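# Reading the structure
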Amino acid sequence: MSKRLSETYREYFPIGAAVTPVSIDTHKELLVGHFSSLTAENQMKPGILHPSEHIYNFEQGDVIADFALQNHMLLRGHTLVWHNQTPEWFFKDGGKAASRTLALKRMKEHIYTVMGHYKGRTCAWDVVNEAIADQAEGPALRQAPWLTAVGGDYIEHAFRYAREADSTAKLFYNDYNECDPVKSKKIYELVKSLLERGVPVDGIGMQGHWNIYVPELDKIRRAIELYASLGISLQITELDISLFRFDDGTAYEKAPAELIELQAERYGRIFELLREYKALFTGITFWGIADDDTWLSYFPFRDRKNWPLLFDDQHRQKKSFENITNF
Ligand code: XIL
């Protein structure tokens, strides 16, 4: 009998996957067999849920929430306040820019409605996503519509509204390049100052969009230790291990065996590290299920196929799967 991923990790942490209403159908067997938590890949973002001020579309998100419930899986909410996939109407008032008061009112209404809708079904929410700038120089916060409309305290407002809307969901700050020493320091400082001011942040989501070369294990370890020193919980929220460095546009028709081998080694080492920190991690979520359906096959290079997950294009277990389940 072959191993079941989430069963193998039962004593460690829930194992999740980002899904769509289509993939829960096309990848049902893998999901039910190996995963114990779901995240909507796009369907709970403002762009789909709340396309204009008085219209909410919960249908697609609900398909995912229902599937999670029927299969006794956890559900992570993703995401409420972000610079991407957020319609412009949030920041407009007729022909001009929305005032701070109006933008905050809309943020509050959005958070209350969305979290209210999924209350009791979502164990955690990525309340604020990717608010920190990547550049070493310049302001810590990314130039984002919420920042322009509200000011630097938009993050704190988002977390306070979120706690009011659903006092049981764990509230996460989520970001990428989270193991980069400069950026991780900025993420740490942001969350530290929020906590010092009594803002309800329960955890940091480390997205984990990594590749077979970087970040090095000791960088991952240092970031974990740094974030954990804040006394909050951690999750890897969007794990995938690309076969390419971020700006490398090389393309292959078939995944090169030696890169798949490197990937397997990397997955093995990374999970060894994560198991070491099991007391800190409340979930590890992959950004997708199998290699036939991954955002990395259309980002950052359109139509450049990638193979970043544990199951191959035919949904068979890769060496990476073996390496993280044999311990
Ligand atoms: C990505 C989805 O996977 C894509 O389908 C979509 O086109 C763009 O967004 N960080 C996040 C996720 O927090 O929401 C992003 O998801 C990937 C990067």
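Residues numbered from 1 in each chain as written. Predicted model: local features only at pLDDT ≥ 70, side-chain atom pairs only at ≥ 80, totals over all residues. Heavy atoms only, no water.

Short version of the rule: UniProt positions are given in the numbering used here, feature names are shortened, and annotations may be inferred rather than shown by experiment.
In the nomenclature of an unreviewed UniProt entry, the chain is known as Beta-xylanase of Ruminiclostridium hungatei. Looking at the Sequence similarities (unreviewed entry) heading of the UniProt record, one finds this comment for the chain: "Belongs to the glycosyl hydrolase 10 (cellulase F) family."

### Re helix H8 (residues 154–165)
Rules: The helix count covers DSSP runs of H or I at least four residues long, the strand count covers runs of E at least two residues long, and both are numbered beginning at the N terminus. Here a helix's expected span is defined as the number of its residues, less one, multiplied by 1.5 Å. Exposure categories follow from relative accessible area, calculated using a 1.4 Å probe and restricted to protein chains: below 20% of the type maximum is buried, above 50% is exposed, and the middle band is partly exposed. Residue contacts are counted whenever heavy atoms from the two residues lie within 4.5 Å of one another.
With 12 residues, H8 should reach 16 Å at 1.5 Å per residue; the first-to-last C-alpha distance of 16 Å fits that figure. What H8 keeps buried is the set Tyr154, Ile155, Glu156, Ala158, Phe159, Tyr161, Ala162 and Ala165. Contacts from the buried residues of H8 go to strand E3 (74–81), helix H6 (100–117), strand E6 (124–129), helix H7 (145–150), strand E7 (170–175) and helix H9 (181–196).

### Points about the pairing of strand E11 (residues 281–286)
Going by this rule: For two strands to count as paired, DSSP must find a minimum of two bridges between them. Place the viewer so that the strands point away; then a crossover is right-handed whenever the path from the first strand over the helix to the second strand goes clockwise.
Of all six residues making up E11, five are buried, and the element is well covered by its neighbours. With three bridges joining them, strand E1 (residues 15–19) and E11 adopt parallel strand pairing. Across the sheet, residue Ile15 finds its bridge partner in E11, namely Ile284. Relative to E11, strand E10 (residues 233–242) runs parallel, the two sharing three bridges. Pairing of Leu239 across the sheet is with Phe286, part of E11. Regarding the hand of the β-α-β motif, the stretch spanning E10, helix H11 (residues 257–276) and E11 is right-handed.

### Things to note about the site of the ligand
Definition in use: Nearness of a residue to a molecule or strand requires only that one of the residue's heavy atoms be within 4 Å of it. Nitrogen and oxygen atoms within 3.5 Å of one another constitute a polar contact, given that in protein one can donate a hydrogen and the other can accept it, and given that sequence-neighbouring residues count only through two side-chain atoms. The Shrake-Rupley method, run with a 1.4 Å probe sphere, supplies the accessible areas, and residue values consider only the shown protein chains as cover. Residues were grouped as follows: Ala, Val, Leu, Ile, Met, Phe, Trp, Tyr, Cys and Pro as nonpolar; Asp, Glu, Lys and Arg as charged; and all remaining residues, including Gly, as polar.
Taken together, 14 residues are adjacent to the ligand, and Glu41, Lys45, His78, Glu238 and Tyr298 come closest. At 3.0 Å, a side-chain N or O of Asn42 approaches an oxygen atom of the ligand. Residue Gln85 places a side-chain N or O atom 3.2 Å away from an oxygen atom belonging to the ligand. Burial of the ligand by the surrounding chains reaches 84%, relative to a free accessible area of 410 Å². Residues belonging to the shell around the ligand are distributed by class as follows: four nonpolar, six polar and four charged.

### Quick word on the packing of aromatic side chains
How we decide: The criterion for an aromatic pair is that two Phe, Tyr or Trp rings (for Trp, the six-membered ring) have centres within 6.5 Å, with stacked assigned to planes under 30 degrees apart, edge-to-face to planes over 60 apart and tilted to the rest.
Taken as a whole, this structure holds 22 aromatic pairs when the rule is applied. Plain terms: the ring middles of Phe90 and Trp146 are 5.6 Å apart, the flat faces sit at 65° to each other, and that makes the pair edge-to-face. Linking Phe90 in the loop between E3 and strand E4 (92–93) with Trp146 in helix H7, this pair joins segments that are 56 residues apart in sequence. Plain terms: the ring middles of Phe246 and Phe299 are 6.2 Å apart, the flat faces sit at 55° to each other, and that makes the pair tilted. A residue pair is termed long-range when its members are at least 10 positions apart, and Phe246 in the loop between E10 and H11 and Phe299 in the loop between E11 and helix H12 (319–325) qualify at 53 residues. Here Phe246 falls in the exposed class, since its relative accessible area comes to 57%. Counting every residue linked through ring pairs, the aromatic cluster contains Tyr9, Tyr12, Phe13, Phe35, Tyr267, Phe271, Phe281, Phe286, Phe311, Phe321 and Phe327.

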